[in-house]
Number of protein chains: 2
Amino acid sequence: MLTVSQTGFPAMLADSPDFFHPAPRAQHFCSQCGTPLVRRMPPGDNRLRDLCEHCGAVHYQNPRMVVGTVPIWQGKVLLCLRAIEPRANTWTLPAGFMELAETLAHGAMRETQEEAGAAVELRGLYTVIDIPHVDQVHVYFLADAVDATLDPGPESQDARYFAFDEIPWENLSFRSVSTTLRCLLEDREKGCFGPHHLVLD
Amino acid sequence: MLTVSQTGFPAMLADSPDFFHPAPRAQHFCSQCGTPLVRRMPPGDNRLRDLCEHCGAVHYQNPRMVVGTVPIWQGKVLLCLRAIEPRANTWTLPAGFMELAETLAHGAMRETQEEAGAAVELRGLYTVIDIPHVDQVHVYFLADAVDATLDPGPESQDARYFAFDEIPWENLSFRSVSTTLRCLLEDREKGCFGPHHLVLD
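Residues numbered from 1 in each chain as written. Chains lettered and ligands numbered in written order. Predicted model: local features only at pLDDT ≥ 70, side-chain atom pairs only at ≥ 80, totals over all residues. Heavy atoms only, no water.

A. View of the overall build of chain A. When its secondary structure is counted, chain A shows three helices and 12 strands. In terms of C-alpha radius of gyration, chain A reaches 21 Å, well past the compact-globule figure of 17 Å for 201 residues. Its C-alpha atoms give chain A principal-axis dimensions of roughly 60 × 55 × 30 Å. Within the span of chain A, comprising 201 residues, buried residues form 50% of the whole. Look at the contacts in chain A between residues 6 or more apart in sequence, and 58% of them connect residues 24 or more apart. (Helix = DSSP H or I, 4+ residues; strand = E, 2+ residues; numbered from the N terminus. Rg over C-alpha atoms; globule rule 2.2 N^0.38 Å. Buried < 20%, exposed > 50% of the residue type's maximum accessible area, 1.4 Å probe, protein only. Contact = heavy atoms within 4.5 Å.)

B. Local environment of unusual backbone geometry. Residues and elements named next belong to chain A. Look at the link from E85 to P86: it is a cis peptide, with omega at -5°. One can find P86 in the loop between β6 (76-82) and β7 (91-92). That bond from G194 to P195 is cis: its omega, -5°, falls within 30 degrees of zero. Here P195 lies in the loop between α3 (175-190) and β12 (196-199). Not every positive phi belongs to a glycine, and Q74 is a case in point at roughly 50°. Non-glycine residue D135 carries a positive phi angle of around 55°. Its place among the elements puts D135 in the loop between β9 (120-131) and β10 (136-145).

C. Spotlight on the interface of chain A and chain B. Across the boundary between the two partners, chain A contributes 61 residues, which contact 61 residues of chain B. Taking both partners together, chain A and chain B bury about 5100 Å²; carbon and sulfur atoms supply 61% of that area. The largest share of the area that chain A buries against chain B comes from F20, Q32 and L100 of chain A, three residues that together contribute 12% of it. Summed over the shared surface of chain A and chain B, the number is four salt bridges. The closest approach of N and O atoms between R49 of chain A and E99 of chain B, which form a salt bridge, is 2.7 Å. (Buried area = accessible area lost by both parts, 1.4 Å probe. Salt bridge = Lys/Arg side-chain N within 4 Å of Asp/Glu carboxyl O.)

D. Expanded view of the pattern of salt bridges. All names here are of chain A. In this structure the tally under the stated criterion is 22 salt bridges over all chains. One salt bridge in this structure joins D144 and R123, with 2.9 Å as the shortest N-O distance. Highlighted residues: D144 in strand β10 and R123 in strand β9, separated in sequence by 21 residues. With a relative accessible area of 47%, R123 lands in the partly exposed category.

E. Region of the structure containing the packing of aromatic side chains. Residue and element names in this part refer to chain A. Using the criterion set out here, one finds four aromatic pairs over all chains in the structure. Plain terms: the ring middles of F19 and F20 are 5.1 Å apart, the flat faces sit at 75° to each other, and that makes the pair edge-to-face. Take F19: its relative accessible area is 13%, and that puts it in the buried class. Under the relative-accessibility criterion, F20 is labelled buried at 10%. Look at W91 and F162: their rings are 4.9 Å apart centre to centre, the planes differ by 80°, and that puts the pair in the edge-to-face class. Residue W91 is found in strand β7, and its partner F162 is found in strand β11 (residues 156-162); the two are separated by 71 residues along the sequence. As far as burial versus exposure is concerned, W91 and F162 are alike and both buried. (Phe/Tyr/Trp six-rings, centres within 6.5 Å; stacked < 30°, edge-to-face > 60°.)

The following block contains the structure:
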């Protein structure tokens, strides 16, 4: 049975993990004053924006950054088996959305700790991958694991080091992951490791 | 005299260039349903978010990317004199916020065209600069101007090519600009040009 909070809201619903979801990109109300937004070109701009004709706030939107690592331990590469959608049950490099107030490097190390329980030392920027059809840029750092410890968090069912000839190519999570791993194999032949800037159409 | 639109809104005010402003980072109302937001940790998350207990939308926020170029023509570097705040009347590399649906490269070339009226061919990623205290990552490409044409847009009072020993160091706009120009001078000595990943504290 649902209980109703003081605001008239069914409190049990909001406690359910399924109730909350990332806000879609489409914006309908002003985050500053709650007024319905209009789609219009602001004075001096050259494209349509979501804007509030009540308080004047223009709600610009920008691509998001995903940050991660390519952790290496004794010549093997770390992959995590995703426990959550999208792409549950596929293998991925540890990565996730960059948070406010952090650097690319801090975000990449945080995601590696959260998803794999692995502590790493970053070698340097490795791949920068534009994915314009989803409004994202993915950034991976090449990294050395500081030891063999793995402790996958709630977003991962498993975390494991794969020899380069054991990478599960048929069951990888995202194209930025397979692209980064292909760069790694090619660079290993050349003995020279990135950085690479690529675009996925 | 202000006229009032059908929504009760003073229409002349909204037509004034000064009325509109970028929405602040602080969010108070849900963009999906207009309900006041609460600051709370969603189930399964590990930090506080702005969330809507009415429709379940979680309003994540992420750092923004600024993209630009370092345009070179006959051994000189292009700078633009800013016509607008912030930092009006200071010299800058052409750069601006990356837009949805574009790549880093397209954004950098678009900004170069908009701010300087210069067409460029990109050589490659040059600097990637974390600026965590303003929640931004700045990305510059080294670029060759295709000809000497300059036609500064409304955001620039002037655009001009500077010899390396004429760069107006005392009157540059942002630290990512001076940092990128310093990289350029150092790389010129070495004869090897980036890319560089840096953090501005």
